[in-house]
Amino acid sequence: MERTLRGHHLLCVHGFQGMGYSPEFVVKMGSIVEEIRDDANDFPIRVVATLDDACTACPHNGGTICIASVGSDEHVKTMDEKVIEHLQLEKNKLYRKSKLVEWTALKVQPDDLDYLCKDCSWLPYGVCKAGIEKLKTNKR
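If you're wondering where the values come from, they're calculated on a predicted model, not measured in any experiment.

Colleague: Before we go on, may I ask you to explain helix H6 (residues 127-138) in this structure?
Modeller: Each α-helix winds once per 3.6 residues, and so residues spaced three or four apart point in a common direction. Over its 12 residues, H6 extends 16 Å from the first C-alpha to the last, a length consistent with the 16 Å expected when each residue adds 1.5 Å. Within H6, burial applies to Cys-128, Gly-131, Ile-132, Leu-135 and Lys-136. The buried side chains of H6 occupy one side of the element, clustering within an arc of 135° when seen end-on. Projecting away from the buried face of H6 at angles above 90 degrees are the exposed residues Lys-134 and Thr-137. Summarising the contacts, the buried residues of H6 are in contact with helix H1 (9-15), helix H4 (97-107) and helix H5 (113-116).

What follows is the structure, encoded as structure tokens:
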């Protein structure tokens, strides 16, 4: 099994608490999160700066772009690019899930999200920063 995840979703999965854009999205993201958090399950993930596996169930999926609002596609792609750069990854390349989780724990501080996820509607809830903090303390 291979997954495709946008750069910023590499961070979202650690703080996901069942909130989302629609019930279908919550179910889809929940299944992805379960796979990521399962330490016994390792698989390849293609890191992208475009629509990914989670986006397939999002009501804002415009087929090739995010259509949540004017400028939303550019906004989410900017977050993807920032995270990919911060983690020193290459777009469209395959990585082992275990390595992506390890690198996230090593390279991302909770307060980095203020820059990496600037203007994300989920950031004010605090669940993302808490998820990164938990990842760092659990040393998965």
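From this point, things continue past the structure.
Colleague: I tried to follow the side chain of Lys-82 on my own but got confused; where do I start?
Modeller: Structurally, the position occupied by Lys-82 is in helix H3 (residues 72-86). Salt bridges are absent for the buried Lys-82, whose nearest opposite-charge side chain, Asp-119, sits at 7.2 Å. Once residues lying within four places of it in the same chain are set aside, the contact partners of Lys-82 are Tyr-115, Leu-116 and Lys-118.

Colleague: Would you mind showing me how to read the sheet that holds strand E3 (residues 93-96) here?
Modeller: The strands that make up a sheet pair up through hydrogen bonds in the backbone, lying either parallel or antiparallel. Ordered by their spatial adjacency, 3 strands build an open sheet running E1-E2-E3, and the pairing between neighbours is mixed. The open sheet has two free edges, formed respectively by strand E1 (3-6) and E3, since each of these has just one partner strand. Within the sheet, the average angular offset between the axes of one strand and its neighbour, ignoring direction, is 40°. Here E1 pairs with strand E2 (residues 44-48) via 4 bridges, running parallel. Looking at E2, one finds that Thr-4 is bridged to Arg-46. Helix-sheet contacts for H4 involve E2 and E3, and the interaxial angle to E3 is about 80°.

Rules behind the numbers
- Residues numbered from 1 in each chain as written.
- Predicted model: local features only at pLDDT ≥ 70, side-chain atom pairs only at ≥ 80, totals over all residues.
- Heavy atoms only, no water.
- Helix = DSSP H or I, 4+ residues; strand = E, 2+ residues; numbered from the N terminus.
- Expected span 1.5 Å × (residues − 1).
- Buried < 20%, exposed > 50% of the residue type's maximum accessible area, 1.4 Å probe, protein only.
- Arc of directions from axis to C-beta.
- Contact = heavy atoms within 4.5 Å.
- Lys, Arg positive; Asp, Glu negative; His and termini not counted.
- Salt bridge = Lys/Arg side-chain N within 4 Å of Asp/Glu carboxyl O.
- Pairing = 2+ DSSP bridges.
- Axes fitted to C-alpha atoms, helices over the stretch in contact; angles between N-to-C directions.

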